[in-house]
Amino acid sequence: MQKKIQSALISVFYKDGLEPIAKKLHELGITIYSTGGTQKFLEDLKVPCVAVEGLTTYPSILGGRVKTLHPAVFGGILGRRYEPQDLVEMKQYNIPEIDLVIVDLYPFEETLRTTTEEKLIIEKIDIGGPSMIRAAAKNFSDIVVIAAKDDYSALEQLLADQKGETSLEQRKVFAAKAFAVVMQYDIAISNYFNPGHQQSLRYGENPHQQAVFYGNLAELFTQLNGKELSYNNLVDVDAAVQLIKEFSPSQGNLDEIVFAIIKHTNVCGIASRKTVKESWDTALAGDPESAFGGVLVCNNTIDKATALAINEIFFEVLIAPSFHADALEVLKSKKNRILLQLKTQNAKRKSPSRSILNGVLEQDSDESNYTKWEEVGGRETTQAEKEDLVFANLVCKHLKSNAIALIKNKQLVGKGCGQTSRIDSLRQAIEKAKQFNFDLHSAVLASDAFFPFNDCVQIAHTAGIETFIQPGGSVRDKDSIEYCVDNKLAMVMTGMRHFKH
């Protein structure tokens, strides 16, 4: 059902992005009700508005704690236009119909990141804002609700295209977003009052699943920007941290600058170069498609040049040990973008566990890279190949089995993971390399487990690969070894398998 917006209530903390909407509402002849700082902002724009105090007959009281909590406001939001009795009562008590509610909540999470003073934090717990958002979202049959700056552009476009009219479907979409905003806000407040115990998440792996995190993330990170971490964010952040730990100073990598991109816990881009910017550019080039919406991690300080480059793509999370101030200024341009400053790259991880059947599995972490370095091929590896093989084996260790990683000059140029056969993972890795026009000559191949036959070595050789690293342990190891010997290919056996399920 189409509804025309006749009146709007605007009460926002941050005013940026509001000007074009306010002017469009005025242009369409829509009555605007407003409060405090928002009212002054509109008046400075020469946009007429009605003070909420004119509806409530009460001024803002208790230091601004009570402004909109009044039947004249909530009656205008919750009144059902399809219920005759509601309309009678609204007329009886001089309650205007409100068709659009725009609210930007007090910045509770931002305040947590800038102060530990409880009085300041408590004052940033918004009461009226979430109440208005929930009321408007509940009454989506009649009302449009905008609960986040991210939706300003959509509203502005809708006002321009539809002259202030909205469909029921559009109103319901905005309502769903509004409930999500309030839920995240409440979770952040709950987590503040329950530190270090359990953290309620917006939802689990999927929206219909509830989820809780048990632990204290503040021991590992300082969150510098962005929304609450979701269940899927946390899973990918864990994968990113475990990967970058392989390239920390404690592992002997004192000068190696590594940038990696994680998607669904798998590495989709990783590279090591002399600068952070070069490492980022090279990691992204490995698979620019998969990087969209990923989790990014670096073992070095993010500078402005790198920040500007990263800012060109959409990503969920960026993790680094430190950020230059001008880099943060660039990266904070998106308020939901999660920026995590890693307090230590060597945090001890609890033994990985998994709930299965009617019990729990627990095991030691998969530490180290290899237990031996046995050259078994038709020639010795060169120094450059050795460095790439070590790098490749670490990358492969962090891919879902069956896993194949193709590395060239410390850049991931192709990967296959999560396949039910090793040869399928190899084909996937080769196709991925071809997709982005990588020449596989001089590339090396790492496999997380042994080659059951020599077919993988043959297929890889045909694609141009001449250097391999694998744990060995197959009853038919000799088949792959003989192929390498006959064709003068290098092969290293490590004696350490890296399955990841």
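Anything mentioned here points back to the structure above.
Bear in mind the structure is a predicted one, so any value in this text is a computation, not a measurement. (Residues numbered from 1 in each chain as written. Predicted model: local features only at pLDDT ≥ 70, side-chain atom pairs only at ≥ 80, totals over all residues. Heavy atoms only, no water.)

Explanation requested: the pairing of strand E20 (residues 412-416) in the structure shown.
When a strand is regular, its side chains alternate between the sheet's two faces. In terms of burial, E20 is largely enclosed, as five of its five residues are buried. Relative to E20, strand E19 (residues 404-407) runs antiparallel, the two being bridged by four bridges. Paired with isoleucine 404 across the two strands is glycine 416, which belongs to E20. If you look at the hairpin formed by E19 and E20, you'll find four residues sitting between the two strands, and asparagine 409 has a positive phi there, around 55°. (Buried < 20%, exposed > 50% of the residue type's maximum accessible area, 1.4 Å probe, protein only. Helix = DSSP H or I, 4+ residues; strand = E, 2+ residues; numbered from the N terminus. Pairing = 2+ DSSP bridges.)

What is the right way to read the side chain of arginine 422 from this model?
By secondary structure assignment, the location of arginine 422 is in helix H16 (residues 422-435). In this structure arginine 422 touches Asn402, Ala403, Ile404, Ser447, Asp448, Ala449, Phe450, Phe451, Cys456 and Phe499, once residues within four positions along its chain are discounted. (Contact = heavy atoms within 4.5 Å.)

Would you mind showing me how to read the packing of aromatic side chains here?
What characterises a pair of aromatic rings is the spacing of the ring centres plus the angle enclosed by the ring planes. All chains considered together, the criterion is met by ten aromatic pairs. Between tyrosine 370 and tryptophan 373, the aromatic rings sit 5.2 Å apart at their centres with planes inclined by 65°, giving edge-to-face as the arrangement. In this structure tryptophan 373 comes out as partly exposed when scored by relative accessible area, which is 25%. An aromatic cluster is present here, built from Phe108, Tyr185, Tyr192 and Phe193 joined pairwise through their rings. (Phe/Tyr/Trp six-rings, centres within 6.5 Å; stacked < 30°, edge-to-face > 60°.)

What should I look at first to understand the environment of isoleucine 121 in this one?
If you trace the backbone, isoleucine 121 turns up in helix H7 (residues 118-123). In this structure the C-alpha to C-alpha distance between isoleucine 121 and valine 395, which are 274 residues apart in sequence, comes to 42 Å. Those residues within four positions of isoleucine 121 in sequence are excluded, and the remaining contacts are Phe108, Thr111, Leu112, Thr115, Thr116 and Tyr192.

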